[in-house]
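Analysis of the macromolecular model
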Number of protein chains: 2
Amino acid sequence: MDSTGESGGKKKIKRAPNERVLQRDPERTRSAILEAATREFAENGMGGARVDAIAERAGTNKRMLYHYFGDKEQLYLHVLEEAYVSIRTAERALHIGDRSPEEGIGELALFTWRYFLEHPEFLSLLGTENLHRARWLRQSVRLKELHSHLIGELSDVLDRGKKEGVFAENADPLHVYLTIASLGYFYLSNQYTLSTIFGRDLIDPAQLDSWEKHIVHVTLASIKR
Amino acid sequence: MDSTGESGGKKKIKRAPNERVLQRDPERTRSAILEAATREFAENGMGGARVDAIAERAGTNKRMLYHYFGDKEQLYLHVLEEAYVSIRTAERALHIGDRSPEEGIGELALFTWRYFLEHPEFLSLLGTENLHRARWLRQSVRLKELHSHLIGELSDVLDRGKKEGVFAENADPLHVYLTIASLGYFYLSNQYTLSTIFGRDLIDPAQLDSWEKHIVHVTLASIKR
DNA sequence: CAAGCCGGTAACTAAACAGTTACTTGATGA
DNA sequence: TCATCAAGTAACTGTTTAGTTACCGGCTTG
């Protein structure tokens, strides 16, 4: 589309290509807001998060935030959807069916634990959303089918294990996933009260390592025949 | 102490003892505020809770709230302490050491699950407190030693089980408690997002019953020799 | 029975807040 | 080269909020 004849020299775009690269960049502004909002909502919950704080963290101002996302609630919903899409996308890449049933389940447990450990903001957002009884998640059209894949794949692995005689016949895929998620979620999201109360620093690497082994052990022990 | 000589007849206290019982009752007002605050904080978190709403729910007004508790944060701390004292008190009444080791652990798991089920406000308060990294709990002097009893008793039961050869030698009392609490906490506190996502109503009595059995099974499976 | 104190009410205040408006700056296409 | 539109800024607005002040009234006590 350089047929305007003026595409040659004058345009100020990229004047000094690396000196002041793009003063106006909608894509960057948008994602900066989304990232800042993720942190703000994760740290303070829906009620405690401040729109001004998000704008400041993103290096922009409220006007832009309302421009791209409508209002505080819609911005929160975007953040939540993004968080779910991220974990489920990473999860799919695992292909737990490629290994033996026991290895597959162990792999899923390890992945989930480590993902939780590396993404505390995801745990926090889940907590906030549940405080509000999934008020915003229920509105989301994007997320309903995102999860059938997980249960489907898990179900296949369990069935294979049952046929091979290593898993109990009554092992339920939802129960298995809930077991894995429970053990990771509670330990990490409640680490602050737990460490205070029991006087043991749960975030200490040795403790983390010990709990990681525990999760895998418990998960497999709960379904082995 | 009735030596003042005027303790006899005249006092208007209890005029018509049941008609307008006590227009002014500090004890009742105080506990009404505490109960209202428990619900408000549990439903909306620290950031979302409204002081006006608490006063209204308690059938009083803000003045009294500030009179009895100082400010919003101190009131919140009282609520949190109260919640912890309640569960630990009920827990002590269990005497898990009076039974066989396996029954004792099963009893603790059942108790914890049912307590969580009947006290959703406790789970919610825990979530809120952890969002704030135990900021207020850390300030509390009352709660530090409240928990050594639990771990101590649990430790005794495990040791007995190990001597009798039913429990594995490396079973850790903290891990056992965390396992029990994890499975109950996550299922209940995250029931809203989980039900939405997996399309199964987790609060349905049949589901609850099934998960209760699962918790006991998993807990014992994780420590059995 | 008068003095004073404590439980209680309601209206007020200053700050914080979500959301808006008026305006500026920069890119693009005809 | 100029009209147009999108990106961006900053100051503003009405409302909500935690916390306060001024006041009322009944009970206790010297």
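Residues numbered from 1 in each chain as written. Chains lettered and ligands numbered in written order. Predicted model: local features only at pLDDT ≥ 70, side-chain atom pairs only at ≥ 80, totals over all residues. Heavy atoms only, no water.

Moving on, we come to the overall build of chain A. When helices and strands are counted, chain A shows ten helices and zero strands. From first element to last, N terminus to C terminus, chain A shows the α and β order α-α-α-α-α-α-α-α-α-α. For chain A, the share of sequence-separated contacts (at least 6 apart) that also reach a separation of at least 24 residues comes to 67%. Working note: accessible area of chain A is about 11700 Å², and carbon and sulfur atoms make up 49% of it. (Helix = DSSP H or I, 4+ residues; strand = E, 2+ residues; numbered from the N terminus. Contact = heavy atoms within 4.5 Å. Areas by Shrake-Rupley, 256 points an atom, 1.4 Å probe, with all protein chains shown as cover.)

Tallied over the entire structure, the rule returns 22 salt bridges over all chains. The salt bridge partner of R160 of chain B is E164 of chain B, with a shortest N-O separation of 3.9 Å. What you see here is one network of salt bridges that share partners, running through E40, E43 and R57 of chain A. (Salt bridge = Lys/Arg side-chain N within 4 Å of Asp/Glu carboxyl O.)

Applying the stated criterion across every chain, the model contains 20 aromatic pairs over all chains. When the centroid spacing of 5.8 Å and the interplanar angle of 65° are considered together, the rings of Y177 of chain A and F198 of chain B count as edge-to-face. Highlighted residues: Y177 of chain A in helix α8 (residues 173-189) and F198 of chain B in helix α9 (residues 191-198), drawn from two different chains. In terms of burial, Y177 of chain A and F198 of chain B fall into one category: buried. Centre to centre, the rings of F116 of chain B and F122 of chain B are 6.2 Å apart; their planes meet at 40°, and the pair counts as tilted. Of the two residues, F116 of chain B and F122 of chain B, neither departs from the other in class, the shared state being buried. (Phe/Tyr/Trp six-rings, centres within 6.5 Å; stacked < 30°, edge-to-face > 60°. Buried < 20%, exposed > 50% of the residue type's maximum accessible area, 1.4 Å probe, protein only.)

Time to look at the interface of chain B and chain A. The interface of chain B with chain A comprises 50 residues on the first partner and 50 residues on the second. Of the roughly 4500 Å² buried between chain B and chain A, counting both surfaces, carbon and sulfur atoms make up 68%. Between chain B and chain A we count two salt bridges in total. Across the salt bridge formed by D172 of chain A and R200 of chain B, the nearest N and O atoms sit 3.4 Å from each other. Run the count over chain B and chain A and you get ten residue pairs in polar contact (both at pLDDT 80 or more). Breaking the side of chain B that touches chain A down by element, the ones donating at least two residues are α1 (26-48), α6 (120-131), α7 (148-163), α8 (173-189), α9 and α10 (205-223) of chain B. The dominant element in the side of chain B that touches chain A, judged by the number of residues it contributes, is α8 of chain B, at twelve residues. Each residue belonging to the side of chain B that touches chain A can be placed in one class, and the counts come to 24 nonpolar, 19 polar and seven charged. (Buried area = accessible area lost by both parts, 1.4 Å probe. Polar contact = N/O pair within 3.5 Å; in protein donor to acceptor, adjacent residues only side chain to side chain. Nonpolar A, V, L, I, M, F, W, Y, C, P; charged D, E, K, R; others polar.)

The transform that puts chain B on chain A rotates by 180° and translates by 0.0 Å along the axis, for an RMSD of 0.0 Å. In the structure described here, the two chain copies are related by an operation that fits a two-fold rotation axis. (Least-squares fit on C-alpha atoms with pLDDT ≥ 70 in both.)

The next subject is unusual backbone geometry. Even without glycine at this site, R133 of chain A takes up a positive phi of about 55°. Examined against the element boundaries, R133 of chain A turns out to sit in the loop between α6 (120-131) and α7 (148-163). A residue is classified by how much of its surface remains accessible, and R133 of chain A, at 48% relative accessible area, is partly exposed. Phi is positive for A134 of chain B, which is not a glycine, with a value near 60°. Along the polypeptide, A134 of chain B turns up in the loop between α6 and α7.

Moving on, we come to the confidence of the model for chain A. Averaged over every residue, the pLDDT of chain A is 88; residues scoring 70 or more account for 89%. Confidence drops under pLDDT 50 across residues 1-22 of chain A; counting only partners more than four residues distant or on other chains, this segment forms three contacts. (pLDDT = per-residue confidence, 0-100.)

A few words now on the environment of L123 of chain A. All names here are of chain A. For L123, the position within the fold is in helix α6. Residue L123 is classed as buried on the basis of its relative accessible area, which comes to 4%. Separated by 66 residues in sequence, L123 and S189 have C-alpha atoms that sit 6.4 Å apart. Each residue touching L123, except ones within four places of it in the same chain, is listed here: F116, Y185, L188 and S189.

With that settled, the discussion passes to α6 of chain A. The first and last C-alpha atoms of α6 of chain A sit 17 Å apart over twelve residues, in line with the 16 Å expected at 1.5 Å per residue. Buried within α6 of chain A we find F122, L123, S124, L125, L126, T128, E129 and N130 of chain A. (Expected span 1.5 Å × (residues − 1).)

Time to look at helix α10 (residues 205-223) of chain A. Between its first and last C-alpha, α10 of chain A extends 28 Å over 19 residues, near the 27 Å set by a 1.5 Å rise per residue. Buried residues along α10 of chain A sit against α5 (101-118), α7 and α8 of chain A together with α8 and α10 of chain B.

Bringing the packing of α5 of chain A against α7 of chain A into the picture now. Residue and element names in this part refer to chain A. Two elements in contact, α5 and α7, have axes whose closest approach is 9 Å; the angle formed by their N-to-C orientations is 145°. Considering how the two elements wind past one another, α5 and α7 form a crossing that is left-handed. Residues P101, I105 and L108 of α5 pack against L154, V157, L158, R160 and G161 of α7. Within the contact of α5 with α7, the residues separate by chemical class into six nonpolar, one polar and one charged. (Axes fitted to C-alpha atoms, helices over the stretch in contact; angles between N-to-C directions. Left-handed = near helix turned anticlockwise from the far one by under 90°.)

The next point concerns the side chain of S140 of chain A. All names here are of chain A. By secondary structure assignment, the location of S140 is in the loop between α6 and α7. For S140, a relative accessible area of 2% translates into the label buried. Only 2.7 Å separates the side chain of S140 from the side chain of E81, close enough to count as a polar contact. With sequence-adjacent residues up to four places away left out, S140 is seen in contact with L77 and E81.

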